[in-house]
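Read off the chains here:
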Amino acid sequence: MEYNFREIEAKWQKFWADNQTFKAENTSEKPKFYVLDMFPYPSGAGLHVGHPLGYIASDIYARYKRHKGFNVMHPQGYDSFGLPAEQYAIQTGQHPAITTEANIATYRKQLDKIGFSFDWSREVRTSDPNYYKWTQWIFIQLFESYYCNEANQARAISELIQIFETEGNSKINAACDEDTAVFSAEDWKNYSEEEQQKILLKYRLTFLSETEVNWCPALGTVLANDEIVNGVSERGGHTVVRKKMKQWSMRITAYAQRLLDGLDKIDWPQPLKDAQTYWIGRSEGAMVSFKVADFDAKIEVFTTRPDTIYGVSFMTLAPEHELVSKITTPQQKEAVEAYVKATAKRSELDRMADVKTISGVFTGAYALHPFTGEKVQIWIGDYVLASYGTGAVMAVPCGDERDYAFAKHFNIEIPNIFEGVDISNEACSTKEGIKIANSDFLNGLTYKKAMKRIIYEIEQKGIGYGKINYRLRDAVFSRQRYWGEPFPVYYKNGLPQMISKKYLPIVLPEVEKYLPTEDGKPPLGNATVWAWDTVKNEVVSIDLINGETIFPLELNTMPGWAGSSQYFNRYMDANNNEEMFSKEAINYWQDVDLYIGGSEHATGHLLYSRFWQKFMFDRGFVPTDEYAKKLINQGMITGTSAFVYRVEGENKFVSKGLKSNFKVQPIHSDVSFVNASDELDIEAFKNWREEYKEAEFILEDGKYIVGREVEKMSKSKYNVVNPDEICEEYGADSLRLFEMFLGPLEQSKPWKTSGISGVYSFLKKLWKLYIVNGEFSVSDDAPTKDELKTLHKTIKKVEEDIANFSFNTSVSTFMIAVNELTALKCNKRAILEPLAIIIEPYAPHIAEELWHKLGHTSSVATEDFPIFEAQHLVESSKEYPVSFNGKMRFKLELPLDMSKEDIEKTVLAHQKTQDQLQGRTPKKVIIVSGKIINIVG
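Quick caveat: nothing in here was measured; it's all calculated off a predicted structure.

Undergrad: Just checking my understanding: could you explain the overall build of the protein chain for this structure?
TA: For the protein chain, the count of helices and strands is 29 helices and 36 strands. In the protein chain, the share of contacts with a sequence separation of at least 24, taken over all contacts with a separation of at least 6, comes to 71%. Accessible surface, the protein chain as shown: approximately 42100 Å² in total, 47% of it carbon and sulfur. Taken together, the 109 basic and 129 acidic charged side chains of the protein chain have centroids lying 4 Å from each other.

What follows is the structure in structure tokens.
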């Protein structure tokens with residue numbers, strides 16, 4: 001009876017689907033356990049073998065927890081909105097929904113083939129109106145909320161309005177725009193409805209504002225910072241410029257401190273926590289005002305080192321700062337405008353990362369030092385960002401390396417304010433042990449004392465105040481794209497109005513063109529029906545906009561992170577059409593127990609989703625303010641790329657060992673043309689592309705040997721391995737075991753297909769344990785001591801490994817167990833039944849088949865995990881090394897409970913001892929129980 005994995009795997013995948021084996025109930029007497037994967041974006045390329053790594057790990061854990069008596073929810077879905085489908089639509093004219101549907105079908109087929117225990121009854125797709133209805137609903141809740149700093153939580157905007165009506169806003173301590181004016185209750189009552197709405201927009205947690213954004217003209221959309229790499233768009237490598245646009249934003253800054261504090265109570269990887277901590281960027285310092293000489297203007301600066309204020313010798317504004325155009329002198333206007341234009345072509349990330357380039361332009365204007373009254377030059381420089389702090393810095397070159405380099409480059413004065421410190425070659429950025437000098441009342445003070453004194457003096461002079469600042473900026477929430485969640489917003493007199501929940505979802509309309517309109521509006525500007533009728537409460541033709549009842553809808557769509565910011569909660573009650581989730585469901589599941597996904601989402605999805613969860617908690621929608629107790633970042637499976645070497649200027653390729661004799665250009669070859677010995681199939685390569693058909697190949701020993709390099713597995717590098725092909729040749733169980741066997745889950749590791757044959761051989765060896773004389777057969781005889789020892793050693797190790805997420809060592813443990821049981825010729829039911837359960841989380845298909853052949857009708861996935869019994873690992877005897885004068889001569893197995901006297905009698909009576917002594921009486925017999933016997937003669 002052969003191990004026919006194709007037949008076995010197809011059979012059990014159908015069984016699980018037909019019987020909904022892994023469907024989780026929202027009520028159970030069992031304890032709950034929620035295992036979550038970061039859901040995939042369904043790209044046209046499908047899955048490669050690197051993608052399932054985290055899914056296999058989470059599946060092992062989910063299956064194990066079912067065995068341990070938990071009601072496990074392990075859902076899956078698709079992050080199906082996004083730019084790639086839209087770009088494909090622009091190129092081909094095919095609707096993104098069609099592309100996305102086809103890609104999802106491919107992904108589902110691939111995922112099913114690997115045998116995951118997903119509860120597909122809870123599937124979500126972010127592009128499904130039944131899903132994004134609830135994203136729209138959350139947006140409305142954010143719009144109808146503000147952040148009360150005193151209560152440290154979000155509250156209904158209706159409460160704020162009541163306060164405005166009774167006492168104005170002078171006593172309100174709430175997160176709001178910095179330019180919010182103070183008004184009385186009487187003022188509020190006298191404001192028009194339009195004026196009141198504009199004020200409320202300054203407090204709402206989602207609001208409209210003029211914002212500096214990363215605009216990508218080629219893609220026709222705004223990009224988040226994490227969508228830009230080396231100054232160009234991550235997708236397509238297009239130019240990105242800074243541009244001011246009216247955008248929806250989320251007031252995530254209100255939650256900055258809570259987002260920091262919350263990191264202390266979740267079990268997430270420290271590098272990920274560090275990334276979020278840095279991104280949020282908490283710093284303590286002071287706000288200080290510098291008057292601009294000869295202008296009715298002030299420059300507001302946040303500084304973490306107000307104690308160095310006497311060292312200010314110039315100021316630098318971000319090129320985008322609103323004062324630049326106002327204060328620049330006529331003589332400097334041309335140079336300043338040229339610099340501003342050039343800076344607009346660089347992304348913020350690029351400017352932050354570029355610490356080597358020193359550039360800037362003098363505006364011709366001067367600021368007045370708030371303590372000395374002296375004039376200091378005002379420059380602009382691209383190392384200052386408009387989105388960080390106030391977009392202005394007070395430059396203290398003696399105390400900051402970047403200011404120092406700037407001052408040196410432009411020959412600006414560098415006054416020294418540090419006692420006994422030489423700044424002739426570099427700035428002094430040290431705080432501890434340094435005293436202030438040349439600073440009036442601060443002279444002789446250490447950092448801590450100087451900080452307290454200067455903040456006091458600043459506040460006394462009325463030129464500023466002590467402040468805690470954050471690097472985190474409010475999150476832009478608009479994209480000029482088609483393929484995304486529509487906003488539930490229409491505009492009345494230019495002001496946003498929310499559409500009631502009962503009319504949701506506002507469904508994405510059909511458009512003929514997916515590019516922005518000719519006048520620069522987002523793609524939804526191409527929709528013929530994209531207006532809101534407030535009487536009919538439906539979307540109507542845009543041509544009808546007139547009168548009092550029909551108003552334009554928002555043309556932007558939500559960003560990619562909108563759909564992923566609450567999907568984990570929607571899974572809890574995915575088919576509920578009346579609510580995002582019922583109270584019963586959310587109160588039962590509470591939160592995610594284990595979340596597995598990539599670290600690349602640290603400052604994107606994983607930060608924004610924490611923000612939304614805290615908001616939902618504040619408003620009483622969810623019971624916890626952190627949604628995932630434990631998170632693991634899986635490492636990457638890298639590909640082993642293959643390179644051919646083209647002689648420069650010729651259609652000639654030289655083998656790896658001969659390339660040093662030529663000037664060559666390495667070119668990626670498809671890895672499918674290369675065998676295990678790194679030999680290229682020349683004919684396959686020549687037929688790959690037209691330009692290679694007539695190519696000449698210079699061989700070594702009659703072969704063309706390629707170069708190899710480990711790189712990120714990518715379609716563009718032609719090093720992708722399709723899991724379908726692995727499943728077809730070796731089986732899904734082999735793929736699952738091999739991916740775990742490659743190395744620790746969190747580490748990156750290279751893929752080498754040739755290594756999978758060893759795992760496949762192991763599965764065949766496991767299968768043979770249950771086969772006697774070609775037939776399936778197990779014995780009901782009692783197991784031996786050695787057989788029980790192997791079983792319980794395996795149970796213990798595998799449970800320890802799963803608890804520690806050390807899945808690679810579990811695979812080794814299985815191999816050792818099967819080898820030992822094969823050597824023992826074990827075919828005992830008492831051993832082989834629990835063995836099938838133990839291996840089920842890792843290799844579920846073969847486990848199900850073996851369980852069925854053992855005579856069971858239920859799924860092995862629902863069986864209790866075998867209980868480890870320590871007694872089977874307790875040794876009853878010990879093989880002692882017997883030494884004579886310190887030299888070991890033979891070994892003797894004796895009971896561990898034998899007394900020293902009996903051990904001595906037994907060993908002295910042994911024939912081998914007599915042979916060694918040859919009639920002599922030993923001087924001493926040294927016995928260490930359980931360890932050694934040494935006869936001193």
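Undergrad: Even after reading the chapter, I still don't get the packing of helix α24 (residues 785-803) against helix α25 (residues 807-823), so can you show me in this structure?
TA: Helices that pack against each other are described as a pair by the angle of their axes relative to one another and the distance between those axes. Orientation of α24 relative to α25, taken along the N-to-C sense of each, is 175°, at an axis distance of 9 Å. The angle between the axes of α24 and α25 places the two elements in the roughly antiparallel class. Contact with α24, carried on its side by E787, T790, K793, T794, K797, V798, D801 and I802, involves F807, T809, S810, T813, F814, A817, E820 and L821 of α25 and no other residues of that element. Split by residue class, the contact of α24 with α25 holds 6 nonpolar, 5 polar and 5 charged.

Undergrad: Help me out: how do you make sense of the packing of aromatic side chains in this one?
TA: The tally for this structure, following the rule as stated, stands at 77 aromatic pairs. Ring-pair connections join several aromatic residues into one group, and the members of that group are F33, Y61, Y64, F70, F805, F807, F814, Y842 and F865. In this arrangement the basic side chain of R63 is found over the ring face of W16, its NZ or CZ atom lying 4.9 Å from the centre. The positively charged end of R471 is found above the aromatic ring belonging to Y278, 4.2 Å away from the centroid.

Undergrad: Just checking my understanding: could you explain the sheet that holds strand β21 (residues 538-540) for this structure?
TA: Consider a sheet: its strands pair through backbone hydrogen bonds, and that pairing is either parallel or antiparallel. Pairing is antiparallel in the open sheet, where 3 strands are placed in the order β21-β20-β22. Because the sheet does not close on itself, it has two edges, and the strands there are β21 and β22 (550-552). The mean inter-strand angle of the sheet, taken between neighbouring strand axes irrespective of direction, is 40°. Alignment of strand β20 (residues 531-533) against β22, held across 3 bridges, turns out to be antiparallel.

Undergrad: Whenever I open this one, unusual backbone geometry confuses me. Can you help?
TA: The phi torsion of most residues other than glycine is negative, and most of the peptide bonds are trans. Residues L504 and P505 are joined by a peptide bond in cis, for which omega reads 5°. The residue P505 is located in the loop between β19 (495-498) and β20 in this model. A positive phi angle, near 70°, is found at D294, a position not held by glycine. With respect to the secondary-structure elements, D294 resides in the loop between β10 (282-292) and β11 (298-303). The exposure class of D294 is exposed, given its relative accessible area of 75%.

Undergrad: What should I look at first to understand the environment of A782 in this one?
TA: For A782, the position within the fold is in the loop between β32 (775-776) and α24. Residues A782 and P834 lie 52 residues apart in sequence; the distance between their C-alpha atoms is 14 Å.

Undergrad: When you look at the nonpolar core in this model, what are you seeing that I'm missing?
TA: One broad rule of soluble globular proteins: the nonpolar side chains tend to lie buried together. Counting 91 residues, the largest nonpolar core has W248, F477 and Y595 as the members making the most contacts within it. W16, V49, Y61 and Y770 belong to the second-largest nonpolar core, a separate cluster that totals 85 residues.

Undergrad: Looking at this model, I keep getting lost on a nonpolar patch on the surface. Mind explaining?
TA: Together, I926, V928 and I932 make up an exposed nonpolar region whose accessible area comes to about 200 Å². Turning to its location among the elements, I932 is positioned in strand β36 (residues 932-936).

Undergrad: Which parts of the structure should I look at to understand the state of the cysteines?
TA: Simply put, disulfide is the name for a covalent bond between the sulfur atoms of two cysteines. Per the counting criterion, the structure on display carries 0 disulfides. Just so you know, C428 is unpaired, no disulfide at all, and the nearest cysteine sulfur is the one on C398, 7.9 Å from it.

Undergrad: I'm lost on the side chain of R610 in this one. Help?
TA: On the secondary structure map, R610 appears in helix α19 (residues 605-618). When its relative accessible area of 0% is taken as the criterion, R610 is described as buried. At 2.7 Å, the side chain of R610 and the side chain of E626 are in polar contact. Residues in contact with R610, not counting those within four places in the same chain, are R258, L259, G262, L263, I266, W268, Q276, D625, E626 and Y627.

Undergrad: Even after reading the chapter, I still don't get α19, so can you show me in this structure?
TA: Helical geometry: 3.6 residues make up each α-helical turn, so side chains three or four residues apart lie on a common side. For α19, with 14 residues, the first-to-last C-alpha span of 20 Å sits near the 20 Å given by 1.5 Å per residue. In terms of burial, α19 is a largely internal element, 13 of the 14 residues being buried.

Undergrad: I keep staring at the sheet that holds strand β2 (residues 71-73) and nothing clicks. Help me out?
TA: Strand order in the open sheet made by the 4 strands is β2-β1-β23-β24, with parallel pairing throughout. At either margin of the open sheet sits one strand with a lone partner, and together these are β2 and β24 (631-633). Across the sheet, the mean angle from the axis of one strand to that of its neighbour is 15°, orientation sign disregarded. Sheet topology places strand β1 (residues 32-37) next to strand β23 (residues 594-597); 3 bridges connect them, and they run parallel. By the bridge assignment for β23, L36 is matched with Y595.

Undergrad: Sorry if this is basic, but what is going on with helix α27 (residues 844-853) here?
TA: Most of α27 sits inside the fold, with 8 of its 10 residues counted as buried. For α27, the set of buried residues is P844, H845, I846, A847, E848, E849, L850 and W851. Once α27 finishes, G855 follows within two positions and takes phi at roughly 105°, a positive value.

Undergrad: I would appreciate a short explanation of the pairing of β36 in the present structure.
TA: Every other side chain in a regular strand lies on the same face of the sheet, so the side chains alternate between the two faces. When strand β33 (residues 877-884) meets β36, the two strands line up parallel, connected through 3 bridges. Residue pairing across strands places V882 opposite I933, the latter belonging to β36. Inspection of the sheet shows strand β35 (residues 924-928) paired to β36 by 5 bridges, in the antiparallel sense. Bridge pairing links V928 to I932 in β36. Between the antiparallel neighbours β35 and β36 lie 3 residues, among them G930 with a positive phi of about 80°.

Undergrad: Is there a simple way to explain the environment of Y588 in this structure?
TA: Within the secondary structure, Y588 sits in helix α18 (residues 583-589). Expressed as a C-alpha distance, the spacing of Y588 and S289, which sit 299 residues apart in the sequence, is 53 Å. The residues touching Y588, leaving out its near neighbours within four places in the chain, are E25, N26, S28, K30, P31, K32 and N71.

Undergrad: I would appreciate a short explanation of the pattern of salt bridges in the present structure.
TA: Scanning all chains against the criterion turns up 42 salt bridges. For D618, the salt bridge identified is with R258, shortest N-O distance 2.8 Å. Of this pair, D618 sits in helix α19 while R258 sits in helix α9 (residues 256-262), and the two are 360 residues apart along the sequence. Comparing D618 with R258 shows no difference in burial state: the two are buried. Two residues, K828 and E787, come together in a salt bridge whose shortest N-O distance is 2.9 Å. One end of the pair, K828, is in the loop between α25 and α26 (829-839); the other, E787, is in helix α24, with 41 residues separating them in the sequence.

Undergrad: I keep staring at the environment of D733 and nothing clicks. Help me out?
TA: By the element assignment, D733 lies in helix α22 (residues 732-741). Counting along the chain gives 724 residues from D733 to E9, while the straight-line C-alpha distance between them is 8.4 Å. Residue contacts for D733: discarding those within four places in its chain leaves Y3, E9, L763, A843, P844, H845 and I846. Polar contacts involving the side chain of D733 include one to the side chain of H845, which spans 2.8 Å.

Undergrad: What is the right way to look at a negative patch on the surface in this model?
TA: On the surface, a cluster of negative charge is made up of D400, E401, D422 and E426. Tracing the backbone shows D400 in the loop between β15 (392-395) and α14 (401-409). Given the relative accessible area of 32%, D400 is considered partly exposed.

Undergrad: Is there a simple way to think about the side chain of S859 in this case?
TA: The topology assignment puts S859 in the loop between α27 and β33. Residue classification places S859 among the buried residues on the basis of a relative accessible area of 7%. At a separation of 2.5 Å, a polar atom in the side chain of S859 contacts the side chain of E848. When residues no more than four places from it in sequence are discounted, the contact partners of S859 are F15, W16, T21, E848 and W851.

Each value, and the rule that gives it
- Residues numbered from 1 in each chain as written.
- Predicted model: local features only at pLDDT ≥ 70, side-chain atom pairs only at ≥ 80, totals over all residues.
- Heavy atoms only, no water.
- Helix = DSSP H or I, 4+ residues; strand = E, 2+ residues; numbered from the N terminus.
- Contact = heavy atoms within 4.5 Å.
- Areas by Shrake-Rupley, 256 points an atom, 1.4 Å probe, with all protein chains shown as cover.
- Lys, Arg positive; Asp, Glu negative; His and termini not counted.
- Charge placed at Lys NZ, Arg CZ, Asp CG, Glu CD.
- Axes fitted to C-alpha atoms, helices over the stretch in contact; angles between N-to-C directions.
- Parallel < 35°, antiparallel > 145°, perpendicular 65-115°, else oblique.
- Nonpolar A, V, L, I, M, F, W, Y, C, P; charged D, E, K, R; others polar.
- Phe/Tyr/Trp six-rings, centres within 6.5 Å; stacked < 30°, edge-to-face > 60°.
- Lys NZ or Arg CZ within 6 Å of the ring centre and 35° of its normal.
- Pairing = 2+ DSSP bridges.
- Buried < 20%, exposed > 50% of the residue type's maximum accessible area, 1.4 Å probe, protein only.
- Core = buried A, V, L, I, M, F, W, Y, C linked by side-chain atoms within 4.5 Å.
- Patch = residues over 30% accessible without salt bridge, like charges linked within 9 Å, V, L, I, M, F, W, Y side chains within 5 Å.
- Salt bridge = Lys/Arg side-chain N within 4 Å of Asp/Glu carboxyl O.
- Disulfide = S-S within 2.5 Å.
- Polar contact = N/O pair within 3.5 Å; in protein donor to acceptor, adjacent residues only side chain to side chain.
- Expected span 1.5 Å × (residues − 1).

All we've got here are geometric facts, nothing functional implied.
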